[in-house]
Amino acid sequence: MKKFFPGMLAVVLALAASAFTAPSQDSSTTNDPQLHWFDSRTGAYLGFRTAIEQDNLCPGSGSDCADGFTAKTVNNQPDGDYIRTVERSPQ
């Protein structure tokens, strides 16, 4: 019992202390949030990803590739707030 009690006390104190600490924010998703992407020309739904990921999927250069929104409808139409446009990457 004498060896068991200090160990259990340490575990209880660690759990209690962690209950009052704020979780850290992942800076990659904070600076580049996941959005619903639509083709700038056709309006076709392209998927749910970050702007960096979408930029890597845009071939060619010199024109807009995709528009990012915070939400989409069940019919895959843009909904929610317009966030940004990704331009085609230079080749």
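Cut-off values and rules
Counting restarts for each chain: residues are numbered from 1 in the order of the written sequence. Residues qualify for local features only when their pLDDT is at least 70, as the model is predicted, and side-chain atom pairs are given and counted only at 80 or more; totals for whole chains, interfaces and linings, by contrast, use all residues. Working from all heavy atoms in the structure, the side-chain values ignore hydrogens and water. Under the DSSP-based scheme used, a helix requires at least four consecutive residues in state H or I and a strand at least two consecutive residues in state E, with every element numbered from the N terminus. Only heavy atoms enter the contact rule, under which two residues are in contact if any of them lie within 4.5 Å. Classification of ring pairs rests on two measures: the distance between centres of Phe, Tyr or Trp rings, Trp counted by its six-membered ring, which must be within 6.5 Å, and the angle between planes, read as stacked under 30 degrees, edge-to-face over 60 and tilted in between. Buried, partly exposed and exposed residues are distinguished by accessible area as a fraction of the type maximum, computed with a 1.4 Å probe on protein chains only: under 20%, between the cut-offs, and over 50%, respectively. Note on pairing: two strands pair once DSSP finds at least 2 bridges between them. In this description, a line fitted to the C-alpha atoms serves as the axis of each element, helices being fitted only across the stretch in contact, and the angle between N-to-C directions of two axes falls anywhere from 0 to 180 degrees. Confidence of the predictor at the level of single residues is captured by pLDDT, which takes values from 0 to 100.

Visitor: Got a minute to help me understand the overall build of the protein chain in this structure?
Guide: The number of helices and strands found in the protein chain is three helices and four strands. The secondary structure elements of the protein chain, listed N-terminal to C-terminal, are α-α-β-β-α-β-β. Looking at the protein chain alone, contacts between residues at least 24 apart form 47% of all its contacts between residues at least 6 apart.

Visitor: Help me understand the packing of aromatic side chains, please; the structure alone is not making it clear to me.
Guide: Note on aromatic pairs: each is described by the distance of the centres and the angle between the planes. One pass over the structure, following the stated rule, counts two aromatic pairs. With centroids separated by 5.8 Å and ring planes inclined at 80 degrees, the aromatic side chains of F38 and F69 adopt a geometry described as edge-to-face. With F38 in strand β1 (residues 35-39) and F69 in strand β3 (residues 64-72), this residue pair connects regions lying 31 residues apart in the sequence. Of the two residues, F38 and F69, neither departs from the other in class, the shared state being buried.

Visitor: Looking at this structure, how should I read the sheet that holds strand β4 (residues 78-87)?
Guide: The strands that make up a sheet are held in pairs by hydrogen bonds between backbone atoms, and each pair lies either parallel or antiparallel. Taken in spatial order, the four strands of this open sheet run β2-β1-β3-β4, and their pairing is antiparallel. Each edge of the open sheet carries a strand with a single partner, namely β2 (45-49) and β4. Direction aside, the axes of adjacent strands within the sheet are offset by 30 degrees on average. Sheet topology note: the β1/β3 ladder contains four bridges and is antiparallel. The residue of β3 that forms the bridge with H36 is F69.

Visitor: Looking at this model, I keep getting lost on the confidence of the model for the protein chain. Mind explaining?
Guide: A low pLDDT score tells you not to read the predicted coordinates there in detail. Looking at the protein chain, the pLDDT average stands at 77 and 75% of residues meet or exceed 70. Summarising per-element confidence for the protein chain, the mean pLDDT is lowest in helix α2 (residues 27-31) (56) and highest in β2 (90).

Visitor: I'm lost on the environment of A51 in this one. Help?
Guide: Examined against the element boundaries, A51 turns out to sit in helix α3 (residues 51-56). Judged by its relative accessible area of 5%, A51 is buried. Sequence-wise, A51 and H36 are 15 residues apart; in three dimensions their C-alpha atoms are separated by 9.7 Å.

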